[in-house]
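# Notes for the structure review
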Amino acid sequence: MQSYEVIGGPLAEPAIWRGALFWALALYIPLSGPLARFEKSLESSPVPESGRQGVLIASSLLLAMAVGLVTQLVFSWTLGPEWASSMALIGIGWSLLLLLSDNGQEDG
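Residues numbered from 1 in each chain as written. Predicted model: local features only at pLDDT ≥ 70, side-chain atom pairs only at ≥ 80, totals over all residues. Heavy atoms only, no water.

This next bit is on the environment of S76. When you line up the elements, S76 lands in helix 3 (residues 49-79). For S76, a relative accessible area of 12% corresponds to the buried category. As for S76 and A15, which are separated by 61 residues in sequence, their C-alpha atoms are 9.4 Å apart. Sequence-distant contacts of S76, that is, excluding residues within four places in its chain, are made with I16, P81 and A84. (Helix = DSSP H or I, 4+ residues; strand = E, 2+ residues; numbered from the N terminus. Buried < 20%, exposed > 50% of the residue type's maximum accessible area, 1.4 Å probe, protein only. Contact = heavy atoms within 4.5 Å.)

Rendered as structure tokens:
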């Protein structure tokens, strides 16, 4: 039987990509600081106003997926793919918990 596998190695496992997506979601809030600086730098760039939003969306998605994939690969190497994905889900829950607990407090 002929194999139609295009990508070999660890990137061929669906658990790696699923975990990378979970890590991208879990780490999106910590990555928002560099993205805010990038957004401010776009204001003084020669990119037209209509294209700035597209550049910002594409760069934030690429950054989140790249960081998520690297994190998933590192944790998969140390813990295994399933454990790494579970850790990402715990990270998502922890981020949501921190967001919800921080919304009720005012700077005083």
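Right, picking up where we left off after that structure.
Below, the discussion takes up the packing of helix 2 (residues 32-43) against helix 3. Between helix 2 and helix 3, the shortest axis-to-axis distance is 11 Å and the interhelical angle comes to 155°. For the element pair helix 2 / helix 3, the angle class is roughly antiparallel. Both helix 2 and helix 3 take part in a crossing whose hand is right-handed. Residues L35, F38, E39, L42 and E43 of helix 2 touch helix 3, and the partners they reach there are R52, V55, L56, S59, S60 and L63. (Axes fitted to C-alpha atoms, helices over the stretch in contact; angles between N-to-C directions. Parallel < 35°, antiparallel > 145°, perpendicular 65-115°, else oblique. Left-handed = near helix turned anticlockwise from the far one by under 90°.)

The next thing to look at is the pattern of salt bridges. Scanning the model with the defined rule gives 1 salt bridge in all. Its salt-bridge partner being E49, residue R52 comes within 3.0 Å of it at the nearest N-O pair. Of this pair, R52 and E49 both sit in helix 3, separated by 3 residues, roughly a single helical turn. (Salt bridge = Lys/Arg side-chain N within 4 Å of Asp/Glu carboxyl O.)

Let us now look at the packing of aromatic side chains. By the definition in use, this model includes 1 aromatic pair. Taken together, a centroid distance of 5.2 Å and an interplanar angle of 20° make the contact between W23 and F75 stacked. Of this pair, W23 sits in helix 1 (residues 14-26) while F75 sits in helix 3, and the two are 52 residues apart along the sequence. Judged by relative accessible area, which is 8%, W23 ranks as buried. The exposure class of F75 is partly exposed, given its relative accessible area of 28%. (Phe/Tyr/Trp six-rings, centres within 6.5 Å; stacked < 30°, edge-to-face > 60°.)

So, on to the environment of S86. Inspection of the secondary structure assignment puts S86 in helix 4 (residues 81-103). For the pair S86 and W23, spaced 63 residues apart in sequence, the C-alpha to C-alpha distance is 9.8 Å.

Following both chains from N to C, one finds helix 1 and helix 3 inclined at 125°, their axes separated by 7 Å at the closest point. Judged on the interaxial angle alone, helix 3 and helix 1 are oblique. The two elements helix 1 and helix 3 cross, and the hand of that crossing is right-handed. Listed contacts from helix 3 to A15, I16, W17, G19, A20, L21, W23 and A24 of helix 1 are A64, M65, G68, L69, T71, Q72, L73, F75 and S76. Broken down by class, the residue content of the contact of helix 1 with helix 3 amounts to 12 nonpolar, 5 polar and no charged. (Nonpolar A, V, L, I, M, F, W, Y, C, P; charged D, E, K, R; others polar.)

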